[in-house]
Amino acid sequence: MNPPNHTDLSRDMGRVEGKQDAMGARLDKIEDLLERIDSRLARLEASENKRKGAIGALMLFAGFIGGLVAKFGARIFGGH
């Protein structure tokens, strides 16, 4: 087998550069995808926090009404 000459080395370096460029393009696509996923996740988390806040407010209101009924229920509904 002959030692590689300048042409062989240049061709091989071109292949390596081509593979490196392709890998860079794939990494760019992965970064874009991760940014979109992160954005969607942030929106989902914000929506979940709003939902939890609404449920908490509803529970507080229901507790308040329940307390009023327990305190004044007899008077309101004609009991003792």
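The sections below set out a description of the structure shown in this document. Nothing here was measured: the structure is a model prediction, and the numbers come from that model.

What counts, and at which threshold
- Residues numbered from 1 in each chain as written.
- Predicted model: local features only at pLDDT ≥ 70, side-chain atom pairs only at ≥ 80, totals over all residues.
- Heavy atoms only, no water.
- Helix = DSSP H or I, 4+ residues; strand = E, 2+ residues; numbered from the N terminus.
- Rg over C-alpha atoms; globule rule 2.2 N^0.38 Å.
- Buried < 20%, exposed > 50% of the residue type's maximum accessible area, 1.4 Å probe, protein only.
- Areas by Shrake-Rupley, 256 points an atom, 1.4 Å probe, with all protein chains shown as cover.
- Salt bridge = Lys/Arg side-chain N within 4 Å of Asp/Glu carboxyl O.
- Expected span 1.5 Å × (residues − 1).
- Bend = angle between axes of the 7 residues up to and from the residue.
- Polar contact = N/O pair within 3.5 Å; in protein donor to acceptor, adjacent residues only side chain to side chain.
- Patch = residues over 30% accessible without salt bridge, like charges linked within 9 Å, V, L, I, M, F, W, Y side chains within 5 Å.
- Lys, Arg positive; Asp, Glu negative; His and termini not counted.
- Charge placed at Lys NZ, Arg CZ, Asp CG, Glu CD.

Side note on the overall build of the protein chain
Of regular secondary structure, the protein chain possesses 1 helix and 0 strands. For 80 residues, the compact-globule estimate of 2.2 N^0.38 gives 12 Å, and the protein chain exceeds it by more than 25% at 34 Å. Over its C-alpha atoms, taken along the principal directions, the protein chain stretches across nearly 110 × 20 × 10 Å. Of all 80 residues assigned to the protein chain, the portion counted as buried reaches 1%. With the model as given, the accessible surface of the protein chain reaches about 7600 Å², and the carbon-plus-sulfur share is 63%.

Quick notes on the pattern of salt bridges
The full count for this structure, using the stated rule, is 4 salt bridges. Among the ionic pairs, D8 bridges to R11, the shortest N-O distance being 3.4 Å. Here D8 pairs with R11, and both are found in helix α1 (residues 6-76), just 3 residues apart, close to one helical turn. For D12, the salt bridge goes to R15, with nearest N and O atoms at 3.8 Å.

Examining α1
Over its 71 residues, α1 extends 100 Å from the first C-alpha to the last, a length consistent with the 105 Å expected when each residue adds 1.5 Å. When the local axis directions of α1 are compared, the greatest deviation, roughly 50°, occurs at A70. For α1, the N-terminal cap is N5; the gap from its side-chain oxygen to the backbone nitrogen of T7 is 3.1 Å. Following α1 by one or two positions, G78 adopts a phi angle in the positive range, close to 80°.

With respect to a negative patch on the surface
On the surface, a cluster of negative charge is contributed by D28, E31, D32, E35, D38 and E45. When you line up the elements, E35 lands in helix α1.

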